[in-house]
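Report on the structure
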Amino acid sequence: LKMSCFWLYLPLHLLMATCLCHSIKAPTTSSQQSFKTDLFNFYHSLILADGKETTVHLLKDIPKRYYFVLEEGRVLAPFSITVTPCDVPIEWSILVYKSPPGFPGKATPGDHDTQEVSKSQKAPSLVSTIFNYKGNSVETYMGMSSHPALYLLEFLSTERDTHITVYLTTDTTSGHLYPELPMDPRIDVVGVGHTTVTLTWKHSPSVLQHSENIQYCLLVNEKHNYKSLCAAETAIRSSGMKLPPTLALSLSPYLLEPQQVMILSNSELSIINKVSSGEVRQVCMGTRNTYTVPNLSPSTQYYFDVFIVNLLTNASAAYTGTFARTLEEPEPKVTELKDGKVIHVVLDGKKQKFYSLQYQARHKKIHFTFQLCRGQIRVHITRNGKIVASENLSGLRYLSLKGKLLDTYLVQLRSTEESNSSVKVQASPHFHKPLFPLLPESLKIKSFSKLRTCRSVTIAWLGTQEESKYCVYRKRIEEDQIWRELQSADRCSGPESRHKSEKVLCKYFYDLNLQRAVTTETIKGLEAGTFYLFDVYLFGPSGIPVRYHSKVVKTRKKC
(Lines give C-alpha, C1' and ligand atoms only; values in the text may rest on other atoms or scores of the structure.)
Protein backbone atom coordinates (compact mmCIF):
# COMPACT_ATOMS: atom_id res chain seq x y z
CA LEU A 1 0.00 0.00 0.00
CA LYS A 2 1.45 3.30 -1.09
CA MET A 3 0.58 6.32 1.08
CA SER A 4 1.52 9.93 1.30
CA CYS A 5 0.79 12.34 4.17
CA PHE A 6 1.08 15.97 5.05
CA TRP A 7 0.32 17.94 8.25
CA LEU A 8 -2.23 20.71 8.21
CA TYR A 9 -1.95 23.12 11.16
CA LEU A 10 -5.24 24.54 12.39
CA PRO A 11 -5.80 27.20 15.11
CA LEU A 12 -4.21 25.81 18.25
CA HIS A 13 -7.26 26.20 20.52
CA LEU A 14 -9.31 23.99 18.19
CA LEU A 15 -6.89 21.28 17.15
CA MET A 16 -3.14 21.19 17.16
CA ALA A 17 -2.58 19.04 14.12
CA THR A 18 -4.54 16.80 11.83
CA CYS A 19 -2.80 14.34 9.59
CA LEU A 20 -4.62 13.95 6.29
CA CYS A 21 -3.68 10.77 4.54
CA HIS A 22 -4.89 9.16 1.37
CA SER A 23 -3.86 6.10 -0.55
CA ILE A 24 -3.80 5.19 -4.14
CA LYS A 25 -6.30 2.37 -3.64
CA ALA A 26 -8.04 4.18 -0.76
CA PRO A 27 -9.40 1.19 1.16
CA THR A 28 -11.26 1.66 4.46
CA THR A 29 -8.95 0.35 7.16
CA SER A 30 -9.42 -0.09 10.90
CA SER A 31 -6.71 2.52 11.56
CA GLN A 32 -8.62 5.06 9.50
CA GLN A 33 -11.79 4.29 11.44
CA SER A 34 -9.88 4.75 14.72
CA PHE A 35 -8.50 8.05 13.47
CA LYS A 36 -12.00 9.25 12.55
CA THR A 37 -13.15 8.29 16.04
CA ASP A 38 -10.31 10.30 17.57
CA LEU A 39 -11.28 13.35 15.53
CA PHE A 40 -14.92 12.89 16.64
CA ASN A 41 -13.77 12.78 20.27
CA PHE A 42 -11.91 16.08 19.89
CA TYR A 43 -14.82 17.90 18.32
CA HIS A 44 -17.09 16.67 21.15
CA SER A 45 -14.73 17.63 23.97
CA LEU A 46 -14.48 20.68 26.22
CA ILE A 47 -11.34 22.68 26.79
CA LEU A 48 -9.89 22.28 30.30
CA ALA A 49 -9.08 25.56 32.04
CA ASP A 50 -5.48 26.05 33.12
CA GLY A 51 -4.86 27.06 36.74
CA LYS A 52 -8.47 26.60 37.83
CA GLU A 53 -10.30 23.76 39.60
CA THR A 54 -13.10 22.47 37.35
CA THR A 55 -16.13 20.54 38.61
CA VAL A 56 -17.14 17.77 36.21
CA HIS A 57 -20.54 16.06 36.44
CA LEU A 58 -20.60 12.49 35.12
CA LEU A 59 -23.63 10.46 34.03
CA LYS A 60 -23.46 6.71 34.49
CA ASP A 61 -21.74 4.88 31.59
CA ILE A 62 -21.40 8.08 29.53
CA PRO A 63 -17.76 9.20 29.10
CA LYS A 64 -16.88 12.87 29.30
CA ARG A 65 -13.81 14.36 27.65
CA TYR A 66 -11.72 17.48 28.13
CA TYR A 67 -8.60 18.56 26.25
CA PHE A 68 -5.76 21.02 26.64
CA VAL A 69 -2.81 22.01 24.42
CA LEU A 70 0.85 22.57 25.16
CA GLU A 71 1.91 25.14 22.57
CA GLU A 72 5.10 25.64 20.57
CA GLY A 73 7.91 27.73 21.97
CA ARG A 74 8.06 26.05 25.37
CA VAL A 75 11.03 23.77 26.00
CA LEU A 76 10.41 20.94 28.49
CA ALA A 77 7.05 22.34 29.54
CA PRO A 78 5.92 20.76 32.85
CA PHE A 79 2.29 20.25 33.78
CA SER A 80 0.23 18.47 36.45
CA ILE A 81 -3.33 17.15 36.61
CA THR A 82 -5.13 16.39 39.90
CA VAL A 83 -8.43 14.50 39.85
CA THR A 84 -10.58 14.21 42.99
CA PRO A 85 -13.51 11.74 42.94
CA CYS A 86 -16.35 13.03 45.12
CA ASP A 87 -18.29 9.81 45.52
CA VAL A 88 -17.94 6.45 43.79
CA PRO A 89 -14.79 5.11 42.07
CA ILE A 90 -14.28 6.39 38.53
CA GLU A 91 -12.07 5.53 35.56
CA TRP A 92 -9.95 8.21 33.94
CA SER A 93 -7.11 8.32 31.44
CA ILE A 94 -4.83 10.77 29.65
CA LEU A 95 -4.20 10.46 25.90
CA VAL A 96 -1.59 12.50 24.03
CA TYR A 97 -1.57 13.45 20.34
CA LYS A 98 1.86 14.44 19.05
CA SER A 99 3.43 15.67 15.76
CA PRO A 100 5.22 12.62 14.26
CA PRO A 101 9.01 12.99 14.09
CA GLY A 102 10.20 13.54 10.51
CA PHE A 103 7.07 15.45 9.56
CA PRO A 104 7.99 19.07 10.21
CA GLY A 105 4.51 20.39 9.64
CA LYS A 106 4.97 21.85 6.15
CA ALA A 107 4.60 19.95 2.87
CA THR A 108 6.75 20.68 -0.23
CA PRO A 109 4.48 21.58 -3.19
CA GLY A 110 3.81 18.54 -5.35
CA ASP A 111 5.78 16.00 -3.39
CA HIS A 112 2.81 14.62 -1.54
CA ASP A 113 1.33 13.20 -4.76
CA THR A 114 4.48 11.77 -6.29
CA GLN A 115 6.91 10.89 -3.56
CA GLU A 116 6.73 7.39 -2.04
CA VAL A 117 7.25 7.14 1.67
CA SER A 118 9.84 4.56 2.61
CA LYS A 119 9.23 1.98 5.29
CA SER A 120 11.56 3.77 7.63
CA GLN A 121 9.56 6.98 7.19
CA LYS A 122 6.12 5.53 7.94
CA ALA A 123 4.13 7.86 10.23
CA PRO A 124 3.97 6.54 13.76
CA SER A 125 0.71 6.25 15.68
CA LEU A 126 -0.78 9.71 16.35
CA VAL A 127 -2.20 8.85 19.77
CA SER A 128 -0.88 7.13 22.86
CA THR A 129 -2.29 6.58 26.35
CA ILE A 130 0.13 7.86 28.97
CA PHE A 131 -1.94 7.34 32.16
CA ASN A 132 -4.82 5.15 33.36
CA TYR A 133 -6.49 5.01 36.78
CA LYS A 134 -9.56 3.42 38.36
CA GLY A 135 -10.59 4.12 41.96
CA ASN A 136 -11.80 6.84 44.34
CA SER A 137 -8.47 8.18 45.62
CA VAL A 138 -7.15 11.64 44.82
CA GLU A 139 -4.55 11.15 42.07
CA THR A 140 -2.06 13.59 40.58
CA TYR A 141 -0.24 13.05 37.26
CA MET A 142 2.88 15.13 36.61
CA GLY A 143 4.25 15.26 33.09
CA MET A 144 6.75 17.02 30.88
CA SER A 145 6.44 17.81 27.17
CA SER A 146 9.38 18.72 24.91
CA HIS A 147 7.29 19.55 21.83
CA PRO A 148 3.77 20.76 20.99
CA ALA A 149 1.11 18.25 21.95
CA LEU A 150 -2.60 17.97 22.49
CA TYR A 151 -3.85 16.07 25.55
CA LEU A 152 -7.25 14.45 25.94
CA LEU A 153 -8.69 13.51 29.37
CA GLU A 154 -11.48 10.96 29.47
CA PHE A 155 -13.62 10.31 32.56
CA LEU A 156 -16.15 7.51 33.11
CA SER A 157 -18.39 6.45 36.02
CA THR A 158 -19.79 2.92 35.77
CA GLU A 159 -21.62 2.81 39.13
CA ARG A 160 -23.91 5.87 39.16
CA ASP A 161 -24.13 9.55 38.38
CA THR A 162 -21.45 11.44 40.26
CA HIS A 163 -19.15 14.44 40.13
CA ILE A 164 -15.42 15.04 40.37
CA THR A 165 -13.04 17.99 40.45
CA VAL A 166 -10.14 18.38 38.00
CA TYR A 167 -7.22 20.77 38.38
CA LEU A 168 -4.73 21.43 35.55
CA THR A 169 -1.73 23.70 35.88
CA THR A 170 1.17 24.40 33.52
CA ASP A 171 2.75 26.77 36.04
CA THR A 172 4.38 24.53 38.61
CA THR A 173 6.71 27.18 40.03
CA SER A 174 4.37 29.85 41.43
CA GLY A 175 2.85 27.78 44.23
CA HIS A 176 0.13 25.19 44.72
CA LEU A 177 -3.64 25.44 44.65
CA TYR A 178 -3.84 22.58 47.15
CA PRO A 179 -2.22 22.83 50.58
CA GLU A 180 0.79 20.56 50.96
CA LEU A 181 0.75 17.44 53.11
CA PRO A 182 3.73 16.51 55.29
CA MET A 183 6.01 13.62 54.34
CA ASP A 184 4.11 11.48 56.89
CA PRO A 185 0.38 12.34 56.46
CA ARG A 186 -0.92 9.90 59.07
CA ILE A 187 -3.15 10.85 62.00
CA ASP A 188 -1.96 9.43 65.33
CA VAL A 189 -4.35 8.42 68.13
CA VAL A 190 -2.56 9.36 71.35
CA GLY A 191 -5.38 8.90 73.85
CA VAL A 192 -8.71 7.10 74.16
CA GLY A 193 -11.26 7.53 76.95
CA HIS A 194 -14.88 6.63 77.54
CA THR A 195 -16.15 9.74 75.75
CA THR A 196 -13.01 11.31 74.26
CA VAL A 197 -10.32 10.57 71.69
CA THR A 198 -7.12 12.65 71.40
CA LEU A 199 -5.51 13.00 67.96
CA THR A 200 -2.31 14.54 66.66
CA TRP A 201 -0.79 14.95 63.21
CA LYS A 202 2.32 16.50 61.65
CA HIS A 203 2.12 20.10 60.48
CA SER A 204 1.54 20.85 56.82
CA PRO A 205 4.36 22.89 55.17
CA SER A 206 1.58 25.24 54.00
CA VAL A 207 0.73 26.10 57.62
CA LEU A 208 4.31 27.09 58.31
CA GLN A 209 4.39 29.35 55.22
CA HIS A 210 0.86 30.80 55.08
CA SER A 211 -0.68 30.29 58.52
CA GLU A 212 -3.14 33.18 58.13
CA ASN A 213 -4.87 31.54 55.14
CA ILE A 214 -4.68 27.88 56.21
CA GLN A 215 -6.59 25.88 58.82
CA TYR A 216 -7.12 22.29 59.87
CA CYS A 217 -10.62 20.82 59.84
CA LEU A 218 -11.59 17.50 61.42
CA LEU A 219 -14.45 15.23 60.34
CA VAL A 220 -15.76 12.61 62.80
CA ASN A 221 -18.29 9.96 61.81
CA GLU A 222 -19.32 6.38 62.65
CA LYS A 223 -19.29 4.95 59.11
CA HIS A 224 -15.87 5.07 57.40
CA ASN A 225 -12.99 7.34 56.40
CA TYR A 226 -13.17 9.72 53.46
CA LYS A 227 -10.36 10.30 50.96
CA SER A 228 -11.32 13.90 50.16
CA LEU A 229 -13.38 16.72 51.58
CA CYS A 230 -15.79 16.71 48.63
CA ALA A 231 -16.33 12.95 49.13
CA ALA A 232 -17.28 13.61 52.76
CA GLU A 233 -19.67 16.42 51.80
CA THR A 234 -21.30 14.24 49.14
CA ALA A 235 -21.82 11.41 51.63
CA ILE A 236 -23.46 13.77 54.14
CA ARG A 237 -25.78 15.17 51.46
CA SER A 238 -26.79 11.68 50.37
CA SER A 239 -27.88 11.00 53.98
CA GLY A 240 -30.77 13.39 53.41
CA MET A 241 -29.43 16.76 54.44
CA LYS A 242 -28.34 19.83 52.55
CA LEU A 243 -24.72 20.75 53.26
CA PRO A 244 -23.05 24.07 52.40
CA PRO A 245 -20.51 23.90 49.52
CA THR A 246 -17.28 23.61 51.49
CA LEU A 247 -16.39 22.86 55.06
CA ALA A 248 -14.07 25.84 55.41
CA LEU A 249 -16.67 28.39 54.38
CA SER A 250 -19.85 26.66 55.60
CA LEU A 251 -19.66 27.60 59.25
CA SER A 252 -22.31 30.34 59.26
CA PRO A 253 -25.31 29.83 61.57
CA TYR A 254 -27.84 30.92 58.95
CA LEU A 255 -26.72 28.10 56.62
CA LEU A 256 -27.51 25.37 59.12
CA GLU A 257 -30.27 22.88 58.47
CA PRO A 258 -32.71 21.66 61.18
CA GLN A 259 -30.63 18.47 61.56
CA GLN A 260 -27.50 20.51 62.32
CA VAL A 261 -26.26 21.93 65.60
CA MET A 262 -23.49 24.54 65.74
CA ILE A 263 -21.22 24.92 68.78
CA LEU A 264 -18.73 27.78 69.20
CA SER A 265 -16.28 27.55 72.10
CA ASN A 266 -12.63 28.44 72.70
CA SER A 267 -12.26 29.74 69.10
CA GLU A 268 -13.39 26.36 67.71
CA LEU A 269 -16.42 26.08 65.49
CA SER A 270 -18.19 22.72 65.37
CA ILE A 271 -21.13 21.54 63.31
CA ILE A 272 -22.92 18.37 64.35
CA ASN A 273 -25.12 16.74 61.69
CA LYS A 274 -27.78 14.26 62.78
CA VAL A 275 -27.89 11.60 60.07
CA SER A 276 -29.36 8.11 59.86
CA SER A 277 -25.96 6.47 60.30
CA GLY A 278 -25.12 8.48 63.42
CA GLU A 279 -23.55 11.84 64.07
CA VAL A 280 -21.23 13.52 61.59
CA ARG A 281 -19.18 16.12 63.42
CA GLN A 282 -17.10 18.85 61.76
CA VAL A 283 -14.59 20.90 63.74
CA CYS A 284 -12.20 23.57 62.47
CA MET A 285 -9.45 24.39 64.97
CA GLY A 286 -7.16 26.85 63.15
CA THR A 287 -3.54 25.74 62.94
CA ARG A 288 -3.44 23.49 66.03
CA ASN A 289 -2.27 19.97 65.18
CA THR A 290 -3.51 18.27 68.38
CA TYR A 291 -7.17 17.94 69.26
CA THR A 292 -9.28 16.06 71.82
CA VAL A 293 -12.70 15.13 70.45
CA PRO A 294 -15.23 15.44 73.32
CA ASN A 295 -18.74 14.15 74.01
CA LEU A 296 -18.43 10.83 72.18
CA SER A 297 -20.48 7.75 73.04
CA PRO A 298 -18.80 4.98 75.03
CA SER A 299 -17.94 1.68 73.34
CA THR A 300 -18.39 3.15 69.83
CA GLN A 301 -16.05 3.06 66.83
CA TYR A 302 -15.37 6.45 65.24
CA TYR A 303 -13.53 7.41 62.06
CA PHE A 304 -11.41 10.55 61.99
CA ASP A 305 -10.31 12.55 58.92
CA VAL A 306 -8.20 15.71 58.97
CA PHE A 307 -8.27 18.13 56.03
CA ILE A 308 -5.89 21.02 55.48
CA VAL A 309 -7.96 23.81 53.89
CA ASN A 310 -6.87 26.92 51.98
CA LEU A 311 -9.36 29.63 52.99
CA LEU A 312 -8.59 31.75 49.91
CA THR A 313 -9.17 29.06 47.27
CA ASN A 314 -11.41 26.54 49.12
CA ALA A 315 -8.94 23.85 48.00
CA SER A 316 -8.11 21.10 50.49
CA ALA A 317 -5.89 18.08 50.97
CA ALA A 318 -6.69 15.02 53.10
CA TYR A 319 -4.47 13.38 55.68
CA THR A 320 -4.61 9.58 55.90
CA GLY A 321 -7.67 8.87 58.03
CA THR A 322 -7.69 6.77 61.17
CA PHE A 323 -10.21 5.22 63.55
CA ALA A 324 -10.56 4.40 67.25
CA ARG A 325 -13.08 2.78 69.58
CA THR A 326 -14.01 4.57 72.77
CA LEU A 327 -13.77 2.62 76.03
CA GLU A 328 -16.77 0.84 77.49
CA GLU A 329 -18.79 2.87 79.93
CA PRO A 330 -18.03 1.94 83.52
CA GLU A 331 -20.81 0.57 85.65
CA PRO A 332 -22.76 3.54 87.03
CA LYS A 333 -22.47 4.23 90.72
CA VAL A 334 -25.60 3.19 92.57
CA THR A 335 -26.76 5.06 95.66
CA GLU A 336 -28.82 3.14 98.19
CA LEU A 337 -32.25 4.49 99.16
CA LYS A 338 -33.25 3.98 102.76
CA ASP A 339 -36.77 3.97 104.18
CA GLY A 340 -38.09 7.52 104.61
CA LYS A 341 -34.76 9.19 103.84
CA VAL A 342 -34.82 12.05 101.31
CA ILE A 343 -32.02 12.25 98.72
CA HIS A 344 -31.44 15.45 96.74
CA VAL A 345 -30.06 14.59 93.27
CA VAL A 346 -28.43 17.16 90.95
CA LEU A 347 -28.13 16.05 87.30
CA ASP A 348 -25.66 17.40 84.73
CA GLY A 349 -27.66 18.19 81.58
CA LYS A 350 -24.59 18.32 79.33
CA LYS A 351 -23.47 14.76 80.09
CA GLN A 352 -26.99 13.30 79.76
CA LYS A 353 -26.10 10.41 82.09
CA PHE A 354 -28.41 8.39 84.32
CA TYR A 355 -28.16 8.74 88.09
CA SER A 356 -29.05 5.45 89.74
CA LEU A 357 -30.71 4.79 93.11
CA GLN A 358 -31.37 1.30 94.50
CA TYR A 359 -34.00 0.28 97.02
CA GLN A 360 -34.70 -3.17 98.50
CA ALA A 361 -38.31 -3.64 99.57
CA ARG A 362 -39.10 -4.80 103.09
CA HIS A 363 -42.84 -4.60 102.42
CA LYS A 364 -44.98 -5.62 99.50
CA LYS A 365 -46.23 -2.10 98.77
CA ILE A 366 -43.72 0.72 98.17
CA HIS A 367 -44.33 4.44 97.72
CA PHE A 368 -41.90 6.63 95.76
CA THR A 369 -42.10 10.41 96.05
CA PHE A 370 -40.40 12.79 93.59
CA GLN A 371 -40.27 16.56 93.98
CA LEU A 372 -38.91 18.27 90.86
CA CYS A 373 -36.79 21.19 91.98
CA ARG A 374 -35.38 22.57 88.73
CA GLY A 375 -35.30 21.70 85.02
CA GLN A 376 -36.84 18.67 83.32
CA ILE A 377 -36.20 15.07 84.42
CA ARG A 378 -37.18 11.63 83.17
CA VAL A 379 -37.44 8.71 85.59
CA HIS A 380 -37.23 4.96 84.89
CA ILE A 381 -38.05 2.44 87.64
CA THR A 382 -37.26 -1.26 87.23
CA ARG A 383 -38.17 -4.09 89.59
CA ASN A 384 -35.82 -7.07 89.41
CA GLY A 385 -34.69 -5.88 85.96
CA LYS A 386 -38.15 -5.25 84.47
CA ILE A 387 -39.46 -1.73 83.79
CA VAL A 388 -42.49 -0.89 85.97
CA ALA A 389 -42.63 2.91 85.44
CA SER A 390 -41.19 5.44 83.01
CA GLU A 391 -42.30 9.08 82.72
CA ASN A 392 -41.27 12.75 82.77
CA LEU A 393 -41.54 14.34 86.20
CA SER A 394 -43.60 17.46 86.84
CA GLY A 395 -43.94 19.20 90.19
CA LEU A 396 -44.66 16.68 92.96
CA ARG A 397 -45.24 13.05 91.93
CA TYR A 398 -46.28 10.00 93.99
CA LEU A 399 -45.84 6.47 92.60
CA SER A 400 -47.21 3.43 94.47
CA LEU A 401 -45.89 0.01 93.37
CA LYS A 402 -46.85 -3.44 94.63
CA GLY A 403 -44.49 -6.40 94.52
CA LYS A 404 -42.90 -9.00 96.78
CA LEU A 405 -40.72 -8.88 99.85
CA LEU A 406 -37.04 -8.25 99.08
CA ASP A 407 -37.78 -7.06 95.53
CA THR A 408 -34.96 -4.83 94.22
CA TYR A 409 -36.02 -1.50 92.70
CA LEU A 410 -33.62 0.54 90.54
CA VAL A 411 -34.57 4.21 90.06
CA GLN A 412 -32.75 5.93 87.17
CA LEU A 413 -32.94 9.71 86.69
CA ARG A 414 -31.77 11.73 83.67
CA SER A 415 -32.00 15.42 82.76
CA THR A 416 -33.86 15.98 79.49
CA GLU A 417 -32.39 19.44 78.88
CA GLU A 418 -28.86 20.81 78.60
CA SER A 419 -29.01 22.88 81.77
CA ASN A 420 -28.66 21.23 85.18
CA SER A 421 -31.77 19.69 86.77
CA SER A 422 -32.44 18.59 90.34
CA VAL A 423 -35.01 16.47 92.19
CA LYS A 424 -35.73 15.19 95.70
CA VAL A 425 -36.47 11.46 96.02
CA GLN A 426 -37.94 9.40 98.85
CA ALA A 427 -38.92 5.72 99.10
CA SER A 428 -41.10 4.50 101.95
CA PRO A 429 -43.54 1.67 102.75
CA HIS A 430 -45.58 3.97 105.04
CA PHE A 431 -47.86 6.08 102.88
CA HIS A 432 -49.83 7.17 105.95
CA LYS A 433 -46.76 9.15 107.03
CA PRO A 434 -46.16 11.28 103.93
CA LEU A 435 -43.03 13.35 103.64
CA PHE A 436 -44.79 16.16 101.77
CA PRO A 437 -48.02 17.92 102.72
CA LEU A 438 -51.37 17.19 101.11
CA LEU A 439 -51.49 19.25 97.93
CA PRO A 440 -54.34 21.27 96.38
CA GLU A 441 -55.56 20.68 92.82
CA SER A 442 -53.35 23.48 91.53
CA LEU A 443 -50.22 25.22 92.78
CA LYS A 444 -50.87 28.37 90.74
CA ILE A 445 -51.14 31.81 92.33
CA LYS A 446 -53.87 34.07 90.90
CA SER A 447 -53.83 37.87 90.86
CA PHE A 448 -56.86 40.14 90.39
CA SER A 449 -56.24 42.87 87.84
CA LYS A 450 -59.25 44.94 88.90
CA LEU A 451 -58.06 44.96 92.51
CA ARG A 452 -54.59 46.24 91.65
CA THR A 453 -53.71 49.75 92.84
CA CYS A 454 -50.57 51.85 92.79
CA ARG A 455 -49.70 50.64 96.30
CA SER A 456 -51.27 47.17 96.63
CA VAL A 457 -51.89 43.82 94.91
CA THR A 458 -54.45 41.12 95.77
CA ILE A 459 -53.51 37.46 95.21
CA ALA A 460 -55.29 34.13 95.86
CA TRP A 461 -54.35 30.46 96.04
CA LEU A 462 -56.02 27.12 96.71
CA GLY A 463 -55.78 25.22 100.02
CA THR A 464 -56.72 21.71 101.16
CA GLN A 465 -58.95 19.91 103.65
CA GLU A 466 -55.97 19.63 106.00
CA GLU A 467 -54.98 22.54 108.20
CA SER A 468 -51.60 23.76 106.99
CA LYS A 469 -49.31 26.70 107.25
CA TYR A 470 -48.89 29.12 104.31
CA CYS A 471 -46.19 31.80 104.09
CA VAL A 472 -46.17 34.63 101.52
CA TYR A 473 -42.99 36.30 100.22
CA ARG A 474 -42.49 39.19 97.81
CA LYS A 475 -39.48 40.46 95.85
CA ARG A 476 -39.09 43.57 93.75
CA ILE A 477 -37.59 42.83 90.32
CA GLU A 478 -36.84 44.62 87.05
CA GLU A 479 -38.71 43.76 83.87
CA ASP A 480 -35.61 42.28 82.19
CA GLN A 481 -35.13 39.93 85.17
CA ILE A 482 -38.55 38.24 84.99
CA TRP A 483 -37.68 35.41 82.59
CA ARG A 484 -34.44 34.58 84.40
CA GLU A 485 -36.09 34.58 87.82
CA LEU A 486 -38.88 32.26 86.69
CA GLN A 487 -36.53 29.86 84.88
CA SER A 488 -33.92 29.63 87.62
CA ALA A 489 -36.36 29.23 90.51
CA ASP A 490 -35.59 26.23 92.73
CA ARG A 491 -38.99 24.75 93.55
CA CYS A 492 -37.48 22.69 96.37
CA SER A 493 -35.93 25.58 98.24
CA GLY A 494 -37.77 26.83 101.31
CA PRO A 495 -38.13 30.23 102.98
CA GLU A 496 -34.69 29.75 104.55
CA SER A 497 -33.20 30.80 101.19
CA ARG A 498 -35.13 34.10 101.24
CA HIS A 499 -34.11 37.41 102.77
CA LYS A 500 -36.04 38.29 105.92
CA SER A 501 -37.24 41.59 104.39
CA GLU A 502 -39.08 39.62 101.65
CA LYS A 503 -41.45 37.91 104.11
CA VAL A 504 -45.01 39.32 104.07
CA LEU A 505 -46.99 37.01 106.38
CA CYS A 506 -47.75 33.43 107.46
CA LYS A 507 -51.25 32.05 108.06
CA TYR A 508 -53.11 28.79 108.74
CA PHE A 509 -56.29 27.76 106.96
CA TYR A 510 -58.26 24.81 105.58
CA ASP A 511 -61.80 23.94 104.50
CA LEU A 512 -63.45 20.55 104.42
CA ASN A 513 -65.34 21.71 101.32
CA LEU A 514 -62.72 21.85 98.60
CA GLN A 515 -64.91 24.26 96.61
CA ARG A 516 -64.34 26.84 99.36
CA ALA A 517 -60.72 25.96 100.13
CA VAL A 518 -59.34 29.18 98.72
CA THR A 519 -57.80 32.17 100.44
CA THR A 520 -56.87 35.71 99.38
CA GLU A 521 -54.40 38.28 100.64
CA THR A 522 -53.93 41.95 99.81
CA ILE A 523 -50.25 42.93 99.97
CA LYS A 524 -49.87 46.64 100.71
CA GLY A 525 -47.00 49.09 100.94
CA LEU A 526 -45.83 48.58 97.33
CA GLU A 527 -44.42 51.16 94.89
CA ALA A 528 -46.33 52.39 91.83
CA GLY A 529 -45.49 51.00 88.38
CA THR A 530 -43.23 48.31 89.82
CA PHE A 531 -42.86 44.57 89.13
CA TYR A 532 -43.07 42.21 92.12
CA LEU A 533 -42.41 38.45 92.34
CA PHE A 534 -44.78 36.66 94.77
CA ASP A 535 -44.20 33.20 96.27
CA VAL A 536 -46.37 31.04 98.58
CA TYR A 537 -44.88 28.18 100.64
CA LEU A 538 -47.04 25.34 101.98
CA PHE A 539 -45.84 23.47 105.11
CA GLY A 540 -47.09 19.97 106.04
CA PRO A 541 -46.72 17.89 109.19
CA SER A 542 -43.11 16.97 108.40
CA GLY A 543 -42.13 20.61 108.04
CA ILE A 544 -40.86 20.19 104.46
CA PRO A 545 -42.28 23.04 102.30
CA VAL A 546 -43.82 22.93 98.86
CA ARG A 547 -43.45 26.08 96.79
CA TYR A 548 -46.33 27.32 94.65
CA HIS A 549 -45.56 28.56 91.13
CA SER A 550 -44.11 32.07 91.31
CA LYS A 551 -46.33 34.95 90.14
CA VAL A 552 -45.17 38.30 88.75
CA VAL A 553 -47.53 41.28 89.14
CA LYS A 554 -47.03 44.95 88.25
CA THR A 555 -48.67 47.68 90.33
CA ARG A 556 -50.57 50.43 88.56
CA LYS A 557 -48.52 53.38 87.42
CA LYS A 558 -51.28 55.96 87.95
CA CYS A 559 -54.25 55.86 90.29
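By the naming in an unreviewed UniProt entry, the protein goes by Protein NDNF and is assigned to Platysteira castanea. We quote the UniProt Subcellular location (unreviewed entry) comment for the protein here in full: "Secreted".

Let's talk about the overall build of the protein
Each helix and strand in the protein was counted, giving 5 helices and 38 strands. Out of the 559 residues belonging to the protein, those deemed buried represent 43%. Taking contacts inside the protein between residues at least 6 apart in sequence as the whole, the part at least 24 apart equals 73%. Element-wise, carbon and sulfur atoms account for 52% of the exposed surface of the protein, whose accessible area totals about 30800 Å².

Observations regarding a nonpolar patch on the surface
On the surface, V189, V192 and L327 cluster together to form a nonpolar patch covering roughly 200 Å² of accessible area. Note on placement: L327 falls in the loop between β21 (322-325) and β22 (334-336). L327 gets classed as partly exposed once you look at its relative accessible area, which sits at 40%.

A few points about the sheet that holds strand β11 (residues 162-169)
Pairing within the open sheet is antiparallel, and its 4 strands lie in the order β4-β11-β6-β9. A strand with exactly one partner marks an edge of an open sheet, and here the two such strands are β4 (52-58) and β9 (139-145). Strand after strand, the sheet turns through a mean of 20° between neighbouring axes, direction not considered. As defined by bridge partners, strand β6 (residues 77-85) adjoins β9 across 7 bridges and the pair is classed as antiparallel. The residue of β9 that forms the bridge with A77 is S145.

Some words on the state of the cysteines
Applying the stated criterion across every chain, the model contains 5 disulfides. Note on cysteine connectivity: C217 is disulfide-linked to C284, with sulfurs 2.1 Å apart. Since a negative S-S torsion denotes a left-handed disulfide, the C217-C284 link at about 100° is right-handed. With C217 in strand β14 (residues 214-221) and C284 in strand β17 (residues 278-284), the pair connects residues that are 67 residues apart, well separated along the chain. The class for C284 is buried, based on a relative accessible area of 5%. In this model C454 forms its disulfide with C559; the gap between the sulfur atoms is 1.9 Å.

Considerations on the packing of aromatic side chains
Using the criterion set out here, one finds 19 aromatic pairs in the structure. Pairing F368 with Y409 gives two aromatic rings, centres 5.7 Å apart and planes at 65°, and the pair type is edge-to-face. Of this pair, F368 sits in strand β25 (residues 365-374) while Y409 sits in strand β29 (residues 408-415), and the two are 41 residues apart along the sequence. The class of F368 is buried, set by a relative accessible area of 0%. Using a relative accessible area of 0% as the deciding quantity, one classes Y409 as buried. A network of ring pairs unites the aromatic residues Y66, F68, F79, W92, F131, Y141, Y151 and F155 as a single cluster.

Quick word on the sheet that holds strand β28 (residues 396-402)
Sheet strands pair via backbone hydrogen bonds, and the direction of the pair is either parallel or antiparallel. In spatial order, the strands read β23-β30-β25-β28; together these 4 strands make up an open sheet with antiparallel pairing. In this open sheet, the two strands that pair with only one neighbour each are β23 (342-347) and β28. Pairwise comparison of adjacent strand axes, ignoring direction, gives a mean angle of 20° for this sheet. Two strands pair when backbone bridges link them, and β25 and strand β30 (residues 421-428) are joined in this way by 7 bridges, in the antiparallel orientation. Bridged to F370 within β30 is V425.

Criteria and cut-off values
- Residues numbered from 1 in each chain as written.
- Predicted model: local features only at pLDDT ≥ 70, side-chain atom pairs only at ≥ 80, totals over all residues.
- Heavy atoms only, no water.
- UniProt positions renumbered as here; feature names shortened; annotations may be inferred.
- Helix = DSSP H or I, 4+ residues; strand = E, 2+ residues; numbered from the N terminus.
- Buried < 20%, exposed > 50% of the residue type's maximum accessible area, 1.4 Å probe, protein only.
- Contact = heavy atoms within 4.5 Å.
- Areas by Shrake-Rupley, 256 points an atom, 1.4 Å probe, with all protein chains shown as cover.
- Patch = residues over 30% accessible without salt bridge, like charges linked within 9 Å, V, L, I, M, F, W, Y side chains within 5 Å.
- Salt bridge = Lys/Arg side-chain N within 4 Å of Asp/Glu carboxyl O.
- Pairing = 2+ DSSP bridges.
- Axes fitted to C-alpha atoms, helices over the stretch in contact; angles between N-to-C directions.
- Disulfide = S-S within 2.5 Å.
- Phe/Tyr/Trp six-rings, centres within 6.5 Å; stacked < 30°, edge-to-face > 60°.

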